[in-house]
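As a plain string of letters, each chain reads:
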Amino acid sequence: AYELFQTQHDFALFVNACWNLDHGNGYYSSLYGGPLLGVHFSPALAVFAPALWIWNSPCMLIIAESALLALSVPWVFRLAVATGFNETVGLLWCLVILANPYFHHNAQEYLDPVIVGFPLFIGLFGSYEKRRWFWLACFSLAVTTVYEAYPLILIGLGIYAMREGHGKVGTALVVFAGSAFGFIMGYIIPHARLALGGGAHIFINQYAGLGSNIHEI
């Protein structure tokens, strides 16, 4: 089974954390010797851990991830129709998703936060288009658990909402997402990294465009 880990490092990282979670070791990374949250803030990927009860193999997580991606395709169709496109365009959107080589590559070799985030973002945008604010709040909360950078996308949606005249909703999104991003990058990840020997977040350079250090971010 570990031969599969030669394809993508992060695949080994997340599979190992799911295995540890299943075996009562917490969301722990054996590769880094500490909490996985000190490497990536992706607690949502823990939803794949129960799949290992069915088949204790990395292949099972690939199957579960592929199934999640496939189930999100009908949501794409509904979002297209909800935004005013006809059903033909909606079907074309679905075909584009199904034919997307990026998704195929990830579904074959990689346990990826993008795959988990994709149906959540479809639900997020669909809730916004239908003005279902309760579900918008639910999806917003869920999105922040997928990847440390995803609150930045929520900030963008909040700014878009304000420009569309939904000032209260937009402001709430910006405040919530900005606070979540600051809390994750300023507290959760640094705190988890203490168990990994401390030091700056290894992916902090991804956010260098927002500032040269965590305080500027």
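You'll find the structure just up there.
Residues numbered from 1 in each chain as written. Predicted model: local features only at pLDDT ≥ 70, side-chain atom pairs only at ≥ 80, totals over all residues. Heavy atoms only, no water.

Enquirer: Honestly, the overall build of the protein chain in this entry has me stumped. Any pointers?
Expert: In terms of helices and strands, the protein chain carries nine helices and two strands. Listing each helix as α and each strand as β along the protein chain from the N terminus yields α-β-β-α-α-α-α-α-α-α-α. The buried share among the 217 residues of the protein chain stands at 44%. Considering only contacts in the protein chain between residues 6 or more positions apart, those separated by 24 or more positions represent 59%. Carbon and sulfur atoms make up 66% of the accessible area of the protein chain, which amounts to about 11,200 Å² in all. (Helix = DSSP H or I, 4+ residues; strand = E, 2+ residues; numbered from the N terminus. Buried < 20%, exposed > 50% of the residue type's maximum accessible area, 1.4 Å probe, protein only. Contact = heavy atoms within 4.5 Å. Areas by Shrake-Rupley, 256 points an atom, 1.4 Å probe, with all protein chains shown as cover.)

Enquirer: What should I look at first to understand the environment of valine 96 in this one?
Expert: In this fold, valine 96 is placed in helix α4 (residues 87–99). Residue valine 96 is classed as exposed on the basis of its relative accessible area of 54%. Remark: the alpha-carbon pair of valine 96 and valine 73, spanning 23 residues in sequence, is separated by 10.0 Å.

Enquirer: Just to check I follow, could you spell out the packing of aromatic side chains for this structure?
Expert: The geometry of an aromatic ring pair is captured by two quantities: the separation of the ring centres and the angle between the planes. A complete count under the given rule lists nine aromatic pairs for this structure. By way of ring pairs, the aromatic residues Phe121, Phe125, Tyr147 and Tyr150 are connected into one cluster. The residue whose ring lies beneath arginine 131 is tyrosine 128, and the NZ or CZ to ring-centre distance is 4.8 Å. (Phe/Tyr/Trp six-rings, centres within 6.5 Å; stacked < 30°, edge-to-face > 60°. Lys NZ or Arg CZ within 6 Å of the ring centre and 35° of its normal.)

Enquirer: Can you walk me through the pattern of salt bridges in this structure?
Expert: Where charged atoms from two side chains of opposite charge approach closely, those side chains can pair. One pass over the full model with this rule turns up one salt bridge. Of the charged contacts in the structure, one is a salt bridge between glutamate 164 and arginine 131, with a shortest N-O distance of 3.8 Å. One end of the pair, glutamate 164, is in the loop between α8 (150–163) and α9 (167–193); the other, arginine 131, is in the loop between α6 (113–129) and α7 (133–143), and 33 residues separate them in sequence. Under the relative-accessibility criterion, glutamate 164 is labelled partly exposed at 39%. (Salt bridge = Lys/Arg side-chain N within 4 Å of Asp/Glu carboxyl O.)

Enquirer: What am I meant to see in unusual backbone geometry here?
Expert: Peptide bonds are, in most cases, trans, and in most cases residues other than glycine have a negative phi. Residue arginine 131 is not a glycine yet carries a positive backbone phi of 60°. Classification of arginine 131 as partly exposed rests on a relative accessible area of 33%.

Enquirer: Before we go on, may I ask you to explain helix α3 (residues 58–82) in this structure?
Expert: Given 3.6 residues per turn, any residue in an α-helix points the same way as the ones three and four places further on. Its 25 residues give α3 an end-to-end C-alpha distance of 37 Å, which sits within 8% of 36 Å, the value for a rise of 1.5 Å per residue. Three or more residues of α3 are buried, namely Pro58, Met60, Leu61, Ile62, Ala64, Glu65, Leu69, Ser72, Val73, Val76, Leu79 and Ala80. Looking one or two residues past α3, glycine 84 carries a phi angle of roughly 105°, positive in sign. (Expected span 1.5 Å × (residues − 1).)

Enquirer: Please clarify how the environment of glycine 26 should be interpreted in this entry.
Expert: Along the polypeptide, glycine 26 turns up in the loop between α1 (9–22) and β1 (28–29). In the structure, glycine 26 is positioned 20 residues away from alanine 46 in sequence and 10.0 Å away in space, judged by C-alpha atoms. Once you skip the residues sitting within four places of it in the chain, glycine 26 turns out to touch Ala17, Asn20 and Leu21.

Enquirer: Sorry if this is basic, but what is going on with the packing of α6 against α8 here?
Expert: Two quantities define a packed helix pair, namely the angle between the axes and the distance from one axis to the other. α8 packs onto α6 with a crossing angle of 15° between their chain directions and a minimal axis gap of 12 Å. Between α6 and α8, the crossing angle belongs to the class labelled roughly parallel. Here α6 runs over α8; the crossing is right-handed. Contacts between α6 and α8 involve Pro113, Val114, Gly117, Phe121, Leu124, Phe125 and Tyr128 from the first element and Tyr150, Ile153, Leu154, Leu157, Tyr160 and Ala161 from the second. Across the contact of α6 with α8, the residue classes break down as 12 nonpolar, one polar and no charged. (Axes fitted to C-alpha atoms, helices over the stretch in contact; angles between N-to-C directions. Parallel < 35°, antiparallel > 145°, perpendicular 65-115°, else oblique. Left-handed = near helix turned anticlockwise from the far one by under 90°. Nonpolar A, V, L, I, M, F, W, Y, C, P; charged D, E, K, R; others polar.)

Enquirer: It is not clear to me how α6 should be interpreted in this structure. Could you clarify?
Expert: The end-to-end C-alpha separation of α6 is 24 Å, in line with the 24 Å expected for 17 residues at 1.5 Å each. Here α6 lies mainly inside the structure; 14 of its 17 residues are buried. Where α6 ends, the next residue or the one after it, arginine 131, has phi of about 60°, a positive value.

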